[in-house]
Amino acid sequence: MSDAAIQSKARGGRSIRYRLLAIALLPFLVVVPLLLALVIGRLNTKFDALLITKVNGDLTIAHQYFARILENTSDHIRGLGDSAAFRAVAAENSKPELADWLEQSRRELGLDFLNILEDDGRLLATAPQTGEARSRRDWPVIVSAMAGTPSTAVDIFAAEELAAISPALAQRAKVELVPTANAAPTDRTAETRGMVVHSASPIQLADGRKAVLVGGVLLNRNLVFIDTINDLVYRQASLPEGSQGTATLFLDDVRISTNVRLFEGRRALGTRVSLAVRQAVLGEGRTWLDSAFVVNDWYISAYEPIRDSLGKRVGMLYVGFLETPFRREKLITLATIIGAFLLVTALSVPIFLRWARAIFKPLEQMTDTISRVEGGDLDARTNLPAARDEIGRVATHLDGLLDRLQARDRQLRNWNEELNKRVAERTSELEAANKELELTTKQLIMSEKLAAIGEITAGVAHEINNPVAVIQGNLDVVRQVFGGQVELASTEFRLIDEQIHRIEDIVTRLLQFARPEEFAGYVERHSPREVVGHCLPLVQHLLNRGEIDLIADHRATGLVLMNRTELLQVLVNLIVNAIHSMPAGGTLTLRDFDEERHGTPGIVIEVADTGVGMDRETLVRIFDPFFTTKRSEGTGLGLSISQKLILRQNGAISAESQPGSGTCFSIWLPQAL
Ligand code: ADP
Ligand code: MG
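Residues numbered from 1 in each chain as written. Chains lettered and ligands numbered in written order. Predicted model: local features only at pLDDT ≥ 70, side-chain atom pairs only at ≥ 80, totals over all residues. Heavy atoms only, no water.

A. Structural detail: the overall build of the chain. Looking only at helices and strands, the chain has 16 helices and 21 strands in total. Here the chain has a C-alpha radius of gyration of 76 Å; the compact-globule value for 673 residues is 26 Å, and the former is much larger. Principal-axis analysis of the C-alpha atoms gives the chain an extent of 230 × 70 × 40 Å. Residue burial in the chain is summarised as follows: out of 673 residues, 38% are buried. Relative to all contacts within the chain whose residues are 6 or more apart in sequence, the contacts with residues 24 or more apart total 65%. Working note: accessible area of the chain is about 38,500 Å², and carbon and sulfur atoms make up 56% of it. Side-chain charges of the chain comprise 74 positive and 83 negative groups, with the mean position of each set lying 10 Å from the other. (Helix = DSSP H or I, 4+ residues; strand = E, 2+ residues; numbered from the N terminus. Rg over C-alpha atoms; globule rule 2.2 N^0.38 Å. Buried < 20%, exposed > 50% of the residue type's maximum accessible area, 1.4 Å probe, protein only. Contact = heavy atoms within 4.5 Å. Areas by Shrake-Rupley, 256 points an atom, 1.4 Å probe, with all protein chains shown as cover. Lys, Arg positive; Asp, Glu negative; His and termini not counted. Charge placed at Lys NZ, Arg CZ, Asp CG, Glu CD.)

Spelled out as structure tokens, the structure:
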């Protein structure tokens, strides 16, 4: 199997592992987060709704408190009008005393003004004291009181009206506008009007005339009022830590009394409500319940319109609390839930993984086994302890299959080896046969060659013999003709005779080479010592010419069987060659001894010199006919003929040589019985 295939298989194994893991973890990692998201989403909505409900409740409390203020003021004014003290002062009918009493009552009740208004619009007395003689009597509360019913409402007093009561009051009412983002655009720079809790109650003067007791509280900058609302609505610990309750009274869209801070310590008086809130509450008369950006932070807010005695929407009452701490609590809760989930996941995933591994491990071991087998390790097995489950059984089965595979493999290998062995045997047999064939071919070619050379040589020798015979005959004739005068050219005649002999000698040798059988003489038994002894006189003149020492060592005990002339010829050949190889002198050694070869007893005759020796190339060619290194003197036939003669006697001839140190020829001949 290719590497790529193995890899894809490994990947396949992994993918199964991940698929199983996914199946195990899916409910946990997908369904639980989904459920969590659902629950969190719902909780979030509910939480927001709860916040709105709470702020709505807060607004209700503020509203009731505001109504209580109106009621209280109404009660105070009515109580004052009905009081014995008033009747006593009224009975005195003294204006200064009435004014004193009025001022004292105003202070006691915390009112900003307290007047007695007569039926015709004249002011009987005012507190604080003003120079005014008359006053408006068309306020609905006053009209109602004139008609005999006490009445209390919120009314907006113009700046002049406030100034008429007291310049200080007008001054207190004035609120400089602060530019506010998102508010409705305006050209005004200050709110000079005053929002007043206006209460009137009918009274009867000492003389029986009807009059009205009119009192009011200015709400502009009335911080006691707004702080009381705030304290009431957001009592200590009614909000989470860090949150802050706020309450505000708006005249139109301007904050005239608030505990919202603009920055450190300074209240956000003069800032205005956003256009959206203004339109919803003042424009459409709705109650606003929502998250809103108030001055500089997000608040869960509730606004409701305030109507004046004519039923006109003239301002708003607001309560709210900072959203951030709630949001933070919400986020902390959310983070806790998610964190808990992640923690549980982190703790449980390893457990899942461990369970999963118990399933994958055998699978992976099997994959490993397979890849090891593929890598060549046929002994690899999974070897699971016991077939506990399906996978275990598969592993056992796989091991069984592998066993069989290995057995088959072994069988195949054995067959293969045997086959190889047979092929090798056949090949070597063939090689041997080939070699033999080659040798035979070579021998055949050689004998063919020799036969051809012999044929030519024999022809040439005969052709030369005839002219030589003619020359010899004629020379004898010349000798007879010249008689005694021959002596005059005796040297020349001797030279001619010598050369003719030489030619005859060469021709005889050539014929001996070409047709050795014609020259074969009868075979006798000879002692090597005796034959060598006969050789020496033949070569004595050559030995004498060079300074050559002779060593003879005869140890052979047996006799050799060979034609005497031929053996002499062979030995003379070898001795002459040896002498030729030592032009500067040396030692010639002639040695004979018994030696058995291939179970045949025989005798070795050695001819050794200390001459020039031969290199390998020369050595392998010396038995070739006509091979010579001696240009003019040599015929190259000496060794060739010698070999032929020795071989004919079933002997052997060989040479060993070292260039520069000498050569040793040895002849082996079977022993004569
Ligand atoms: P020839 O003597 O006519 O050259 P041979 O057949 O006798 O022919 O010898 C062949 C050649 O073998 C010689 O020419 C010579 O080179 C070499 N040879 C034979 N005997 C010896 C020797 N003893 N030392 C060195 N060379 C030899
Ligand atoms: Mg020779």
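B. Structural view of a nonpolar patch on the surface. A cluster of nonpolar side chains, L26, L29, V30, V31, L34, L35, L38, V39 and L43, forms an exposed patch at the surface whose accessible area comes to about 820 Å². In this fold, L29 is placed in helix α1 (residues 3–82). L29 gets classed as partly exposed once you look at its relative accessible area, which sits at 38%. (Patch = residues over 30% accessible without salt bridge, like charges linked within 9 Å, V, L, I, M, F, W, Y side chains within 5 Å. Salt bridge = Lys/Arg side-chain N within 4 Å of Asp/Glu carboxyl O.)

C. Seen up close, the nonpolar core. Ranked by size, the top nonpolar core spans 54 residues in total, and within it I116, M195, F225 and L249 carry the most contacts. Residue contributions to this core peak at ten residues, all from α1. Setting aside its immediate chain neighbours within four residues, L249 contacts F66, M195, L219, F225, I226, V254, R255, I256, S257, I306, M316 and L317. Among the nonpolar cores identified, the runner-up in size contains 45 residues, and L536, L567, L568 and F623 belong to it. (Core = buried A, V, L, I, M, F, W, Y, C linked by side-chain atoms within 4.5 Å.)

D. Spotlight on the packing of aromatic side chains. For the structure on display, the rule yields eleven aromatic pairs. Centroid distance Y234 to F321: 6.2 Å. Interplanar angle 80 degrees. Geometry classified as edge-to-face. On the criterion of sequence distance, the pair formed by Y234 in the loop between α7 (223–233) and β8 (245–251) and F321 in strand β14 (residues 313–322) is long-range, its members being 87 residues apart. No difference in accessibility class separates Y234 from F321, as the two residues are buried. The structure contains a cluster of three or more aromatic residues connected by ring pairs, namely F47, Y234, F321 and F326. We note R136 situated over the ring of W139; from NZ or CZ to the ring centre the distance is 3.9 Å. (Phe/Tyr/Trp six-rings, centres within 6.5 Å; stacked < 30°, edge-to-face > 60°. Lys NZ or Arg CZ within 6 Å of the ring centre and 35° of its normal.)

E. Structural detail: the sheet that holds strand β12 (residues 288–294). The antiparallel open sheet is built from five strands, whose spatial order is β9-β8-β14-β13-β12. Bordering the open sheet on either side are β9 (254–258) and β12, each of which pairs with just one other strand. When strand polarity is set aside, the average angle formed by the axes of neighbouring strands in this sheet is 35 degrees. With seven bridges connecting them, β8 and β14 associate as antiparallel partners. Each residue of the ladder has a partner; that of L249, found in β14, is L317. In this fold helix α8 (residues 275–283) packs onto β12, β13 (297–307) and β14, with an angle of close to 125 degrees to the strand it touches most, β14. (Pairing = 2+ DSSP bridges. Axes fitted to C-alpha atoms, helices over the stretch in contact; angles between N-to-C directions.)

F. Structural view of the sheet that holds strand β7 (residues 210–218). Ordered in space as β2-β1-β7-β6-β3, the five strands form an open sheet in which the pairing is antiparallel. Edge strands, defined here as strands with exactly one partner in the open sheet, are β2 (123–127) and β3 (151–157). Taking each pair of neighbouring strands and ignoring which way they run, the sheet shows an average axis angle of 20 degrees. Looking at chain direction, strand β1 (residues 113–118) and β2 are connected through four bridges and run antiparallel. What sits directly across from L114, in β2, is A127. Each of β1, β2 and β7 is contacted by helix α3 (residues 95–109), which is oriented at about 40 degrees to β2, the strand it contacts most.

G. The arrangement of the state of the cysteines in detail. Enumeration according to the criterion identifies zero disulfides in this entry. No disulfide involves C535; its sulfur sits 16 Å from the nearest other cysteine sulfur, which is in C664. According to the relative accessible area criterion, C664 is partly exposed, its value standing at 21%. (Disulfide = S-S within 2.5 Å.)

H. The domain arrangement of the chain, seen in detail. Taken as a whole, the chain is organised into domain 1 (10–363), domain 2 (400–518) and domain 3 (520–670). The C-alpha-based centres of domain 2 and domain 3 are spaced at 19 Å. (Domains from an automatic or database assignment.)

I. The arrangement of the site of ligand 1 in detail. Near ligand 1 you find 17 residues, and of these N577, D609, T628, T629 and L639 are the closest. Between ligand 1 and T629 there is a distance of 2.4 Å, counted from an oxygen atom to a side-chain nitrogen or oxygen. Calculation on ligand 1 without its partners gives an accessible area of 520 Å², and the protein chains cover 93% of this total. For the shell around ligand 1, the elements supplying multiple residues, two or more each, are α14 (564–580), α16 (638–648) and β21 (662–672). Partitioned by chemical class, the residues of the shell around ligand 1 number six nonpolar, nine polar and two charged. (Near = heavy atom within 4 Å. Polar contact = N/O pair within 3.5 Å; in protein donor to acceptor, adjacent residues only side chain to side chain. Nonpolar A, V, L, I, M, F, W, Y, C, P; charged D, E, K, R; others polar.)

J. Inspection of the pairing of β21 at higher detail. Most of β21 is tucked away, with eight of its eleven residues classed as buried. Across two bridges, strand β17 (residues 559–562) lies against β21 in antiparallel orientation. If you follow V560 over to β21, its bridge partner there is Q671. Where strand β19 (residues 600–608) meets β21, seven bridges bridge the pair, whose relative direction is antiparallel. When the bridges of β21 are listed, A608 appears paired with C664. Pairing of strand β20 (residues 652–658) with β21 involves seven bridges; the strand directions are antiparallel. Across the sheet, S654 pairs through a bridge with S666, a residue of β21. Hairpin geometry of β20 and β21 is characterised by an intervening segment of three residues between the two adjacent antiparallel strands and by a positive phi of about 90 degrees at G660.

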